[in-house]
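Architecture at a glance
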Amino acid sequence: MYPQQIIDALRHVRYPGTGKDLVESGMVEDDIRISGFEVSFSLIFPKENDPFHKSVVKAAETALQTYVDPNVTAHIHSKFVKEQSGGSHRSPIHANHVIAVHSGKGGVGKSTVTVNIAVALANKGYRVGLLDADIHGPSIPKMFHCEDARPYPVEEEGRTLIEPIEQYGVKMLSIGFFVNPEQAVIWRGGMASNAIKQLIEEAHWGELDYFLIDLPPGTSDIHLTLISALRLTGVIVVTTPQPVALVDARKGVEMFRNEKVNVPILGLVENMAWFTPAELPENKYYIFGKDGGKALAEELDVPLLGQIPLVQSIREGGDSGVPVALQAGHPAAEEFEKISDKIVESGKLKV
């Protein structure tokens with residue numbers, strides 16, 4: 001055996017956080033040692049307590065036995081950025097709190113909730129950034145009435161960065177600013193993950209109090225990329241009270257609670273909790289079931305951040321690009337204000 005064989009075998013192992021193989025990701029240390037069928041080398045992980053650490057090491061061992069020799073015994077040493085640099089991992093986002101907003105399935109109003117929370121926080125004077133990470137269904141530009149906006153490059157400390165679009169006091173970036181809105185984005189997982197990383201690492205976000213991420217529904221490479229690239233303060237899970245949606249919301253909570261992911265659940269938002277017609281503001285019609293999200297929050301022991309009614313003005317605000325959270329005194333705006341208050345007041349999120 002010789003070192004190049006080891007390197008070639010490791011090209012078959014992908015690091016989930018980047019979508020690239022270990023060699024392309026620069027994770028293979030130049031310390032390969034070979035003695036008979038025993039091989040030793042180091043893998044460099046981008047942050048402490050990397051959630052993909054154990055699975056990547058196991059995959060590397062399997063790759064050596066598959067592509068080099070089945071009798072290989074691998075001694076793989078793990079190194080972390082903090083250990084090498086002597087300092088803590090530096091996030092590409094300078095934000096006090098990085099919060100992902102997740103839904104187990106599409107159509108539950110996750111983007112609507114994200115947008116209105118962002119606006120509600122900005123209304124309180126916080127510096128807010130919003131990343132639309134829903135590559136295949138970017139809706140943030142429309143919800144902020146800036147579909148025609150185009151981010152432009154700026155020079156910052158010798159680097160060319162993307163300047164986010166700002167609207168209603170919220171800085172935002174979305175793949176929707178860079179593609180034809182009439183065409184579908186047909187990308188494989190690796191391409192989508194790399195695009196998201198670029199919007200994070202090569203953008204001029206500046207100093208933020210809150211950085212919100214509108215995740216795509218379900219679970220995908222993009223989720224793993226974000227968990228790897230950023231230190232998430234926590235995640236907010238959005239659901240409707242409908243049993244079908246609750247099943248997927250439960251899976252989302254369990255995914256983030258998994259020991260390999262280990263992101264705190266900040267709370268659950270029950271959207272479309274009831275229907276209230278404008279002409280009968282005191283009436284509540286439980287179209288999708290009653291208190292399903294509330295019951296799930298109690299069962300999973302997570303905070304219920306709020307219950308958002310199904311009212312026409314919320315839909316109109318999203319379609320017109322004027323979020324309902326901007327309408328002072330509106331009952332739905334007051335509910336989003338309460339949710340943002342709970343986020344700010346949470347013990348995990350105090351500045």
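For clarity, every value in this text was computed on a predicted model and none was experimentally measured.

Description of the pattern of salt bridges
What the rule picks out here adds up to 10 salt bridges. Asp8 serves as the salt-bridge partner of Arg11, at 3.7 Å between the closest nitrogen and oxygen. Classification of Asp8 by relative accessible area gives partly exposed; the value is 36%. A salt bridge links Glu29 to Lys79, with the nearest nitrogen and oxygen atoms 3.2 Å apart. You can see Glu29 sitting in the loop between strand E2 (20–21) and strand E3 (33–35) and its partner Lys79 sitting in strand E5 (residues 73–80), a full 50 residues away along the chain. Connected through shared salt-bridge partners, Lys124, Glu337 and Asp341 make up one network.

Considerations on the sheet that holds strand E10 (residues 165–167)
Reading across from one edge, E10-E11-E7-E12-E6-E13-E14-E15 is the order of the eight strands in this open sheet, with mixed pairing throughout. Of all strands in the sheet, those bounded by a partner on one side alone are E10 and strand E15 (304–310). Pairwise comparison of adjacent strand axes, ignoring direction, gives a mean angle of 25 degrees for this sheet. Inspection of the sheet shows strand E6 (residues 94–102) paired to strand E13 (residues 234–239) by four bridges, in the parallel sense. Bridging from a neighbouring strand, Val101 pairs with Ile236 of E13. Contacting E6, strand E7 (128–132), strand E11 (170–174), strand E12 (207–214), E13 and strand E14 (265–275), helix H4 (residues 110–123) runs over the sheet at an angle of about 170 degrees to E12. Relative to E15, helix H11 (residues 331–345) is tilted by about 165 degrees, and along the sheet it contacts E6, E12, E13, E14 and E15.

Here we look at helix H1 (residues 3–10)
When H1 is considered as a whole, its buried residues turn out to be Ile6, Ala9 and Leu10. Looking straight down H1, one finds its buried side chains confined to an arc of 95 degrees; they lie on one side.

Focus on the sheet that holds E5
Strand order in this open sheet of three strands is E3-E4-E5, and the pairing throughout is mixed. Looking along the sheet, the strands with just one partner apiece sit at the ends: E3 and E5. Neighbour-to-neighbour, the strand axes of this sheet turn through a mean angle of 20 degrees, independent of strand direction. Relative to E5, strand E4 (residues 38–45) runs parallel, the two sharing eight bridges. Residue pairing for E5: Ser42 is matched across the bridge by His77. Contacts from helix H2 (residues 53–67) reach E4 and E5, with the element oriented near 150 degrees to E5.

Structural notes on the packing of H1 against H2
Running from N to C, H1 and H2 point in directions that differ by 120 degrees, and their axes come no closer than 9 Å. One element, H1, and the other, H2, form an angle in the oblique class. Crossing handedness for the pair H1 and H2: right-handed. Along its contact with H1, which presents Ile6, Ala9 and Leu10, the element H2 presents Ala60, Ala63, Leu64 and Tyr67. Counted by class, the contact of H1 with H2 contains seven nonpolar, no polar and no charged residues.

Some words on the packing of H4 against H11
Relative orientation and spacing of two packed helices are given, respectively, by the angle between their axes and the distance between those axes. At a minimum axis distance of 9 Å, the contact between H4 and H11 shows a crossing angle of 70 degrees. Classified by the interaxial angle, the pair formed by H4 and H11 is roughly perpendicular. Residues Val113, Asn116, Ile117, Ala120 and Leu121 of H4 lie in contact with H11, whose contacting residues are Phe336, Glu337, Ile339, Ser340, Ile343 and Val344. For the contact of H4 with H11, the residue count by class is eight nonpolar, two polar and one charged.

Criteria and cut-off values
Residues numbered from 1 in each chain as written. Predicted model: local features only at pLDDT ≥ 70, side-chain atom pairs only at ≥ 80, totals over all residues. Heavy atoms only, no water. Salt bridge = Lys/Arg side-chain N within 4 Å of Asp/Glu carboxyl O. Buried < 20%, exposed > 50% of the residue type's maximum accessible area, 1.4 Å probe, protein only. Helix = DSSP H or I, 4+ residues; strand = E, 2+ residues; numbered from the N terminus. Pairing = 2+ DSSP bridges. Axes fitted to C-alpha atoms, helices over the stretch in contact; angles between N-to-C directions. Contact = heavy atoms within 4.5 Å. Arc of directions from axis to C-beta. Parallel < 35°, antiparallel > 145°, perpendicular 65-115°, else oblique. Left-handed = near helix turned anticlockwise from the far one by under 90°. Nonpolar A, V, L, I, M, F, W, Y, C, P; charged D, E, K, R; others polar.

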